[in-house]
Amino acid sequence: GEVVYQGDLSKLEKATKSYTVRYLTGEEKIETPAHRRKWNNYIKVEGAAHNNLKGIDVIFPLHIMTVVTGVSGSGKSSLVRDVFFKSLSRFYEEDGEQPGIFNRLSGDMHLVKHIEFVDQNPIGKSSRSNPATYLKAFDEIRKLYAEQQAAKQMGFTPAYFSFNVEGGRCEECKGDGTITVEMQFMADITLTCESCHGKRFKQDILEIEYRGKNINDVLEMTINQAIEFFSEQQGSTEKKIIKRLKPLQDVGLGYIKLGQASSTLSGGENQRVKLAYFLSNEKQEPTIFVFDEPTTGLHFHDIKTLLKAFDSLIEKGHTVVIIEHNMDVIKCADYVIDMGPEGGDKGGFLVCAGTPEEIASCEKSYTGKYLKDKL
Ligand SMILES: Nc1ncnc2c1ncn2[C@@H]1O[C@H](COP(=O)(O)OP(=O)(O)O)[C@@H](O)[C@H]1O
Ligand SMILES: [Mg+2]
Ligand SMILES: [Zn+2]
């Protein structure tokens, strides 16, 4: 909410608070990795012929970061989303949409247990879903409140601290804190609930305090503040809360409020909440994570954080496949699959595949030309 820098582009100052300026002056940058991860195992898509794809065979290495590149309309989404993701989704989860046309899958499918498509759509459908509920941190927070002496005396179980069920929530707004009034011919308007004054719970629930804060005060805290608050006195429930919230801090979302409705998060923020969820997941069965242009709408600095999250997924034994135009992401790939050469009918071929260095030395590849300057 602050203007951190303004001025002439030709006279950029160093050491400002502006990340934009720091990336422009080169004070901060996304480094090219010193080496590429090696791979042995892979899944091969054979005879992909969906949309403009020309019956191609493509290898997707496992346990590394693969980036699929190519001009718009070259067939990236047709290959990755419609054939690779949808066919494997049927293979592992035994459901999902009909995949695009291809012959068969071969290779090391048995080394993977799941495939996930991570998009920027809002997490959860309910207006009451928020980062804390999505990462299940709120379950632990409700337990903590129910453990307080005053709550026990009143018989308030953890369910009383939920805004999804009747009991403790304000019934006027059903725990939203706001009332939406539908207006004819105009956009709906949202008003603070008059009954709870936006505090989402009944008065006797709000009187239950844990170290001077009630449940709504906690929902109003940022992830960073909450981690600090619950670290001050580390019982077993507090430790569980911190463990659930930490991944949100790790993906750079420490500034978000625990109770902020998912519908108000930006696309990039939603994507990172999902990533945090996968990073916090204890059952670490090997999974392939697929992203279609994940840097859309992200700043250089956000991209840096996103790349770190990709690295942690791979460290946990997962596989990352990304469709991306952003050169900073492409140069960080272990393996590149370059589609094209053009869009539409003149595309749908595999132009070349290999490390970024190999793509850069490929004459036919447009991606290679631009990549040369980056390496
Ligand atoms: N549902 C569809 N029906 C017919 N053609 C499609 C459909 N979806 C995409 N195409 C065409 O297939 C080609 C490849 O599209 P797409 O895979 O979305 O490219 P990219 O993701 O590389 O931008 C394009 O020429 C596009 O117009
Ligand atoms: Mg696409
Ligand atoms: Zn209310």
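Our structure's up above, just so we're on the same page.
Residues numbered from 1 in each chain as written. Chains lettered and ligands numbered in written order. Predicted model: local features only at pLDDT ≥ 70, side-chain atom pairs only at ≥ 80, totals over all residues. Heavy atoms only, no water.

## Considering the coordination of the zinc ion (ligand 3)
In step 1: All of the protein donors around the zinc ion (ligand 3) are Cys170 (SG), Cys173 (SG), Cys193 (SG) and Cys196 (SG); their distances to the metal are 2.2 to 2.3 Å.
In step 2: Here the zinc ion (ligand 3) binds 4 donor atoms, and the angle range of 106 to 112 degrees at the metal identifies the geometry as tetrahedral.
In step 3: Mapping the donors of the zinc ion (ligand 3) onto the primary sequence gives the spacing C-x2-C-x19-C-x2-C. With Cys173 in the loop between helix H5 (149-154) and strand S6 (178-181) and Cys193 in the loop between strand S7 (189-192) and helix H6 (203-206), the pair connects residues that are 20 residues apart, well separated along the chain.
In step 4: On the basis of relative accessible area, Cys193 is assigned to the buried category, the value being 1%. (Donors = N, O, S within 2.8 Å, 3.2 Å for Na, K, Ca; no water. Tetrahedral: all angles 85-135°; square planar, octahedral: opposite > 155°, others 65-115°. Helix = DSSP H or I, 4+ residues; strand = E, 2+ residues; numbered from the N terminus. Buried < 20%, exposed > 50% of the residue type's maximum accessible area, 1.4 Å probe, protein only.)

## Observations regarding the packing of aromatic side chains
In step 1: All told, the structure shown has 19 aromatic pairs when counted by the stated rule.
In step 2: Aromatic pair Phe91 and Tyr92: ring centres 5.0 Å apart, planes at 90 degrees, arrangement edge-to-face.
In step 3: A relative accessible area of 44% places Phe91 in the partly exposed class.
In step 4: By relative accessible area, Tyr92 is classed as buried at 15%.
In step 5: Each ring, one from Tyr210 and one from Phe229, has its centre 5.7 Å from the other, and the planes form 90 degrees; the classification is edge-to-face. With Tyr210 in the loop between H6 and helix H7 (215-219) and Phe229 in helix H8 (residues 223-231), this pair connects stretches of sequence that are 19 residues apart. With respect to burial, Tyr210 and Phe229 carry one shared label: buried.
In step 6: By way of ring pairs, the aromatic residues Tyr145, Phe156, Tyr160, Phe161, Tyr210, Phe229 and Phe230 are connected into one cluster.
In step 7: The ring of Phe163 is capped by Arg200, whose NZ or CZ atom sits 4.2 Å from the centre of that ring.
In step 8: Just above the ring of Phe229 sits the side chain of Arg211; from NZ or CZ to the centre is 4.8 Å. (Phe/Tyr/Trp six-rings, centres within 6.5 Å; stacked < 30°, edge-to-face > 60°. Lys NZ or Arg CZ within 6 Å of the ring centre and 35° of its normal.)

## Observations concerning the sheet that holds strand S9 (residues 319-323)
Paired through backbone hydrogen bonds, the strands of a sheet run either parallel or antiparallel to each other.
In step 1: Read from one edge to the other, the open sheet built from 6 strands follows the order S5-S8-S9-S3-S10-S11, with strand pairing classed as mixed. Edge positions in the sheet fall to strand S5 (114-117) and strand S11 (349-354), since each of these pairs with one other strand and no more. Pairwise comparison of adjacent strand axes, ignoring direction, gives a mean angle of 15 degrees for this sheet.
In step 2: With 4 bridges connecting them, strand S3 (residues 65-69) and S9 associate as parallel partners. Residue pairing for S9: Thr66 is matched across the bridge by Val321. (Pairing = 2+ DSSP bridges. Axes fitted to C-alpha atoms, helices over the stretch in contact; angles between N-to-C directions.)

## Brief notes about the nonpolar core
In step 1: Core analysis: the largest hydrophobic core is formed by 69 residues, its most contacted members being Met65, Ile141, Phe161, Ile215, Phe230 and Leu245.
In step 2: Considering every element that reaches this core, the biggest residue donor is helix H11 (residues 300-315), with 7 residues.
In step 3: When residues no more than four places from it in sequence are discounted, the contact partners of Ile215 are Phe138, Ile141, Tyr145, Phe161, Phe201, Ile205, Leu206 and Ile208.
In step 4: Counting 28 residues, the second largest nonpolar core, distinct from the first, contains Ala48, Leu62, Val68 and Met339. (Core = buried A, V, L, I, M, F, W, Y, C linked by side-chain atoms within 4.5 Å. Contact = heavy atoms within 4.5 Å.)

## Regarding the pattern of salt bridges
In step 1: All chains considered together, the criterion is met by 22 salt bridges.
In step 2: Residues Arg37 and Asp311 are paired through a salt bridge, measuring 3.0 Å at the closest nitrogen-oxygen approach. Taken together, the residues span a long stretch of sequence, with Arg37 in the loop between helix H1 (19-24) and strand S1 (42-48) and Asp311 in helix H11 at a distance of 274 residues.
In step 3: Taking the relative accessible area as the measure of exposure, Arg37 reaches 28% and is therefore partly exposed.
In step 4: The partly exposed category is assigned to Asp311, whose relative accessible area is 30%. (Salt bridge = Lys/Arg side-chain N within 4 Å of Asp/Glu carboxyl O.)

## Comments concerning helix H2 (residues 76-93)
In step 1: Taken as a whole, H2 carries its principal kink of about 30 degrees at Phe85.
In step 2: Glu94 lies just past H2 and shows a positive phi near 55 degrees. (Bend = angle between axes of the 7 residues up to and from the residue.)

## A closer look at the sheet that holds strand S2 (residues 56-61)
In step 1: Across the sheet, 3 strands lie side by side as S2-S1-S4; this open sheet has antiparallel pairing. Single-partner strands in this sheet number two, and they are S2 and strand S4 (104-107). Strand-to-strand twist in this sheet, taken as the mean axis angle between neighbours without regard to direction, amounts to 20 degrees.
In step 2: Where S1 lies against S4, 4 bridges are found, and the strand directions are antiparallel. The residue bridging Lys44 from the neighbouring strand is Ser106, located in S4.
In step 3: Strand contacts of H2: S1, S2 and S4, with the helix running at about 120 degrees to S1, the strand carrying the most contacts.

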